[in-house]
Structure formats: C-alpha cells, structure tokens
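Secondary and tertiary structure notes
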Amino acid sequence: MSDKDANSKKQEESQPVVLSKDEMNLAEFPFTLLSRRARSDQKTIEVSQQIKDQEGRTIKQEWIVTGSDKYGLPLAIDEDIYIALMQLYKEDDFRSRSVHFSRYEMLRIMGKETSKRGYDRVEEAFNRLVSVTIVSKNAFWDNKARMYVSKAFHLFDSYSLYDERLTGREREQQSLPLSNIVMSELLFDSIGSGYIKNLDTKLYFSLDTPLSKRLYRYLDKKRYQKTRFEIGLLKLAALLPIQDQYPSQVKRRLDRSHNELIEKRFLKSAAYKETKDNDGEKVVYVFPRASSSRQRQKYISGVDTSGQPEISEERIFLRQQLIERGITETVATGLVEKYTAEQIEKQIEVFDCLLKADSPLLEKNPPGFLRKAIEDDYTPPQEYARQAARQEKREAEETRIAEAERKRQGHS
C-alpha cells in the first residue's frame, strides 16, 4: 500500500461514524423501486426465496409490496426518506411511534437541496410510504416468537406536514408546529424487540446511485462477523430489485456499485462464479477485516451520561445472533450478560465455520455445542484452523482475480 493510500485509509477511519438504524426485515427485502419513477403497468414488487430454518427445514418466503392506485410504489428517493426518518427516530431513542421534524431538517440529513422541489418530494414520498402495503409469507422474522411468520402491514400510519416556508426568518420558523409521522405498530414493535442494526448514514448518503445504497444496506446486514458472503446472481437481483432479465444485464448494473463500494472500502472484492450444480452464477463478496475498534463503533450505539457503554445495543445484537443459531432466548440473554462480546463473537465465528463444513462436532446438538463453547471458552479445533486457512487463501485469490478484472475493465 502506498503512503498516499495509507494516509487516505487512516483519515477515513478517523472520521466519525454517523449512525442510524435499519429494521432487519426491511434490509433483507425491498420496499422501493430503484428508479425515480415506476412504469405505468408496475403495481407490485414480488420476491420469493427458499431458506433453511433452525431445524434444517426448507421454508418458502414470499414478499409482496403493493402501491396505491393514486401514488404508486415507493421510489428510490423514498428509501432515502426512510433512512433519514430512522435517524430521527434513533436520535429520539425510539420513545414513540411518532417523531417530529421539519422538512428542512430531513433534506439536510439526506444532503439534498432545500428547495421548493425538495420540500414537495418529501411530501410525495410520504404519500407513497403511508399508502404502501406489504404482505409477507414466512418472510417476517418475529424476534419475540423466534420464528418466521406471515404478516401484512404498512410502514407508516399517518403524517402531518407544516409548511415552514411560509416565513423567511428562522426564529419565526421555530415558532411553527413541527411536522410529524407515525410509524406502524407492527414495524415499531419489531424495532422495540431488537430486530434492528446500526447503519452508517454518512456512508449511505455518500453513495452515488440507488442501487449502491440498496446493495450497501443488504450486504451490511449480511457481513457482521464475516469476511465472505455469497448469493445467487438472480436471487440477489430479485432482492434489490433489479428488473433486468438476463444475467449479463444484471452484472453490468452491479459492476458500477461494486466498484463504488470497493472504493469506499466497504467491500474488498466482488466476483462472479459458476455454482457447483451449474444453476447459473453467484456473486462472491469479500469484506475487509475491520479493526475491532472500528467495527465496534459501527455496531454499538454510544455511551450514556455515566460514561459506561449502553447495554442494550451490543447485547441485543449478540443475543439475536445466538437465537438465530438455535439457542433459546433465555439462555442467549444469560450468555450475553455473563460473557464478554469478544468471547461470544469468537465462538460464533468458529461455529459458523464448522456448520458450513458439516463438522461431526455439530451432529448431535449444534446449539448445545455453541453454548458450551462460549461457557468453557473452547480452543478452536484443528479443522477450524484448516478451514480458516483455506478460506483466507481462497479470498486472497478471489480478490486478486477481481482486482485484475477491475483494472482490465478500466483500460478497456
């Protein structure tokens, strides 16, 4: 690495992280189009996929987003509005389903010009976000019930907008009532149960295209405590959603976003590979190995007035990781209260590696193995070390190939 690149990286890591929140289900599945306007014949976004539950059973998930006849489906700008609203809710500690704001404040969070057109776009976006309906089948993770359920819901129930442009002086603006929006009870309950993650809004709003932003939100959910994630190309296209029919078209759209996320150092590399069963191509993502302090900054909400780290953010997230691996909520809560985050994170990483390799160590009771590994602070078995070494070698080769391809495209 050159001195210039090293200095650039050092400066980037020293920049403060601006944190918002992202509800996990909305990070997994799309609720907006990636365009500025919808086709006249497009009334829905439909996604279906198959996953394995904690018992290894195959579950079919469906996610259907329907816009109103009058206002249509949510658009790319509406995703920006959602992220800005989530930042406002976070700043208010999610104390209520209703959050107050001014449109000027909303536009400043998004880095948009505070013009009449900008004010009008906020109102148009609210019309779409309030009127959209989502119907899900086995796609909505219920954190309290610890299972996938079928739910139909709205994102927001209502809003009230006051036109602060009626006066030109700031002190007069402050005397006006603030606008407000009311989150749906179902979405608010999901957030209250801890099924949320942090999101770096500074990075999100710095990205150039709606596709880059959506891809960043999706991959940011997938990458915690991982250096690698892979997914079928057409499955990813549906989840974003990219409307192109052919893989070559999808890859052309993704390439620009891949390059941008690599330049922002969110991704280390992105490469396309044939699947083992020749069922199309997959995308293989490799994430940089972030320093522990940098990574912790992105996933912990901050400190309280006493100077002690907040318990809720880190423990809720680690507890959720354990629950999703089959440990009961009661046991998971006890583990995150008793053992350090480093100890739990280390054993989760080993567990995931053994699970992917179909290790005989996990044949009888995988959740029980993970629990004992945390309690007794197991030394990683030799097969984990071998698997980790193979994965590191594979990632290095994939990064080399992807970088060579990027350079080739740059010169073509």
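What comes next concerns the included structure. Note that the coordinates shown come from a computational prediction; the quantities given were computed from them, not determined experimentally. (Residues numbered from 1 in each chain as written. Predicted model: local features only at pLDDT ≥ 70, side-chain atom pairs only at ≥ 80, totals over all residues. Heavy atoms only, no water.)

**So, the side chain of aspartate 78**
So the rule is basically this: For helices the rule is a DSSP run of H or I covering at least 4 residues; for strands it is a run of E covering at least 2, with both sets numbered from the N terminus onward. We call two residues contacting when some pair of their heavy atoms lies within 4.5 Å.
Position of aspartate 78 among the secondary structure elements: in helix 3 (residues 76–91). Once residues within four sequence positions are removed from consideration, aspartate 78 is found in contact with Thr32, Ala125, Arg128 and Leu129.

**Some thoughts on the packing of aromatic side chains**
Applicable threshold: When two rings of Phe, Tyr or Trp (its six-membered ring) have centres within 6.5 Å they constitute a pair, described as stacked for plane angles under 30 degrees, edge-to-face for angles over 60, and tilted for the intermediate range. Burial here depends on accessible area, computed with a 1.4 Å probe over protein chains only, as a share of the maximum for the residue type. Under 20% is buried, over 50% is exposed, and the range in between is partly exposed. A positively charged side chain is recorded as over a ring if its NZ (Lys) or CZ (Arg) lies within 6 Å of the ring centre. The angle to the ring normal must also be within 35 degrees.
Overall, the coordinates contain 12 aromatic pairs when judged by the stated rule. Taking 4.9 Å as the distance between ring centres and 85° as the angle between the ring planes, the aromatic pair formed by tyrosine 204 and phenylalanine 205 counts as edge-to-face. Tyrosine 204 sits in the buried class, given a relative accessible area of 0%. On the basis of an interplanar angle of 70° and a centroid distance of 5.6 Å, the ring pair of phenylalanine 369 and tyrosine 378 is categorised as edge-to-face. What makes phenylalanine 369 buried here is its relative accessible area of 17%. Between the NZ or CZ atom of lysine 251 and the centre of the ring of tyrosine 272, over which it lies, the distance is 5.2 Å.

**Some points on helix 15 (residues 341–356)**
Let me state the cut-off plainly: Expected helix span is computed as 1.5 Å times (number of residues minus one).
The first and last C-alpha atoms of helix 15 sit 22 Å apart over 16 residues, in line with the 22 Å expected at 1.5 Å per residue. Buried within helix 15 are the following residues: Ala341, Gln343, Ile344, Glu345, Gln347, Ile348, Val350, Phe351, Cys353 and Leu354. Downstream of helix 15 by one or two residues, aspartate 358 has phi in the positive range, about 55°.

**Description of the pattern of salt bridges**
We apply this condition: The salt bridge definition used is simple: a Lys or Arg side-chain nitrogen within 4 Å of an Asp or Glu carboxyl oxygen.
Counted according to the given criterion, the structure contains 23 salt bridges. Between aspartate 220 and lysine 197 there is a salt bridge, with its nearest N and O atoms 2.5 Å apart. A residue pair is termed long-range when its members are at least 10 positions apart, and aspartate 220 in helix 9 (residues 210–222) and lysine 197 in strand 9 (residues 196–200) qualify at 23 residues. The salt bridge involving arginine 228 is made with glutamate 230; its shortest N-O contact spans 3.1 Å.

**Topic: the sheet that holds strand 11 (residues 269–274)**
For the record, the criterion: When DSSP finds at least two bridges between two strands, those strands are taken to pair. Convention adopted: a line fitted to C-alpha atoms gives each axis, helices being fitted over their contacting stretch, and angles between N-to-C directions are expressed from 0 to 180 degrees.
In space, the three strands of this open sheet follow the order 10-12-11, with antiparallel pairing throughout. Each edge of the open sheet is held by one strand with a lone partner, namely strand 10 (228–232) and strand 11. Strand after strand, the sheet turns through a mean of 20° between neighbouring axes, direction not considered. As paired strands, strand 10 and strand 12 (residues 281–286) are joined by five bridges and run antiparallel to one another. Opposite phenylalanine 229, over in strand 12, you have tyrosine 285 as the bridge partner. Docked against the sheet, helix 9 engages strand 10 and strand 12, running at close to 120° with respect to strand 10. Lying over the sheet, helix 11 (residues 247–263) contacts strand 11 and strand 12, oriented at roughly 155° with respect to strand 11.

**Overview of the environment of valine 350**
Turning to its location among the elements, valine 350 is positioned in helix 15. For valine 350, a relative accessible area of 3% translates into the label buried. Measuring from C-alpha to C-alpha, the distance between valine 350 and proline 380 comes to 6.6 Å, with 30 residues separating the pair along the chain. Excluding anything up to four places from it in sequence, valine 350 contacts Pro380, Pro381 and Tyr384.

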